[in-house]
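# Close look at the chain arrangement
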Amino acid sequence: MAGILYDLESYNLLEFGLMSDESIKLPRYQRPGSQWDSKMKMGFLMSILFGLPTGFITERIDKNGIRWLIDGRQRRECINDLPNPFTLAKIVETATERP
């Protein structure tokens, strides 16, 4: 019989977003840089504020105990922007601009 193939763990979103880059690694196939525009970031932040589902975070912990972020990079980067009020203000400003 095989060992545990997967496990479900609940994360605090802020805790997840503020994990240091040393504690979680990105596989090479992850797209570089932020892929979300300000409207997408604002939508994600509004989902958090209203308690709406924000999707799943998928990670793999290898045999050496290294955490690999498989899915959830954009959410993590968006949360990383929260502690910086200037970045957050820029997200709100550009998301609410009229074309």
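Right above here is the structure, for reference.
These notes cover the structure that comes with them. (Residues numbered from 1 in each chain as written. Predicted model: local features only at pLDDT ≥ 70, side-chain atom pairs only at ≥ 80, totals over all residues. Heavy atoms only, no water.)

## Focus: the overall build of the protein
The following threshold applies: What counts as a helix is a DSSP run of H or I of at least four residues, what counts as a strand is a run of E of at least two, and both are numbered from the N terminus. For every residue, the accessible area (1.4 Å probe, protein chains only) is compared with the maximum for its type, and the residue is labelled buried under 20%, exposed over 50%, or partly exposed between those bounds. Methods summary: accessible areas were calculated by the Shrake-Rupley approach with a probe of 1.4 Å, and residue burial reflects only the protein chains presented.
Scanning the protein from N- to C-terminus turns up four helices and three strands. Within the protein, the fraction of its 99 residues that count as buried is 24%. A total accessible area of about 7,600 Å² is found for the protein, and carbon and sulfur atoms account for 58% of it.

## Quick notes on the pattern of salt bridges
So the rule is basically this: Counted as salt bridges are all cases of a side-chain nitrogen of Lys or Arg within 4 Å of a carboxyl oxygen of Asp or Glu.
Applying the stated rule across the entire model yields three salt bridges. Between Glu77 and Arg73 there is a salt bridge, and its shortest N-O distance comes to 2.8 Å. Taken together, the residues span about one helical turn, with Glu77 and Arg73 both in helix 3 (residues 73-81) at a distance of four residues. Residue class for Glu77 comes out partly exposed when judged on its relative accessible area of 21%. Arg73 sits in the buried class, given a relative accessible area of 13%.

## Concerning the pairing of strand 2 (residues 58-61)
Condition: Being paired, for any two strands, means DSSP has found at least two bridges between them.
Sheet topology places strand 2 next to strand 3 (residues 67-71); four bridges connect them, and they run antiparallel. Of the residues in strand 3, the one forming a bridge with Glu59 is Leu69. Remark: five residues form the turn of the hairpin made by strand 2 and strand 3, two consecutive strands paired antiparallel; Gly65 in that turn has positive phi of roughly 85°.

## Quick word on the sheet that holds strand 3
Judged by pairing direction, the sheet is mixed, and its three strands sit side by side in the order 1-3-2 without closing on themselves. Where the open sheet ends on each side, the last strands, each with one partner, are strand 1 (24-25) and strand 2.

## Observations regarding the pairing of strand 3
Note on strand geometry: in a regular strand, side chains alternate between the two faces of the sheet. Alignment of strand 1 against strand 3, held across two bridges, turns out to be parallel. Within strand 3, the residue paired with Ile24 across the bridge is Arg67.

## Examining the packing of helix 2 (residues 38-49) against helix 4 (residues 85-95)
Basically, it comes down to this: Working convention: axes come from line fits to C-alpha atoms, limited for helices to the stretch in contact. Angles between N-to-C directions cover 0 to 180 degrees. Angle categories are assigned with fixed cut-offs, so that under 35 degrees is roughly parallel, over 145 is roughly antiparallel, 65 to 115 is roughly perpendicular, and the rest are oblique. By definition, turning the near helix anticlockwise from the far helix through less than a right angle yields a left-handed crossing, and turning it clockwise yields a right-handed one. Two residues qualify as a contact provided that any one of their heavy atoms is within 4.5 Å of a heavy atom in the partner residue. Residue polarity follows a fixed list, in which Ala, Val, Leu, Ile, Met, Phe, Trp, Tyr, Cys and Pro are nonpolar, Asp, Glu, Lys and Arg are charged, and the others, Gly among them, are polar.
Relative to each other, helix 2 and helix 4 sit at 110°, their axes nearing to 8 Å. Relative to helix 4, the element helix 2 lies roughly perpendicular. Seen along the crossing, helix 2 lies across helix 4 with a hand that is left-handed. Side by side, helix 2 and helix 4 meet where Ser38, Lys39, Lys41, Met42 and Leu45 of the first sit next to Leu88, Lys90, Ile91, Val92, Thr94 and Ala95 of the second. A breakdown of the residues in the contact of helix 2 with helix 4 according to their chemical character gives six nonpolar, two polar and three charged.

None of the figures reported here should be taken as evidence of function without further support.
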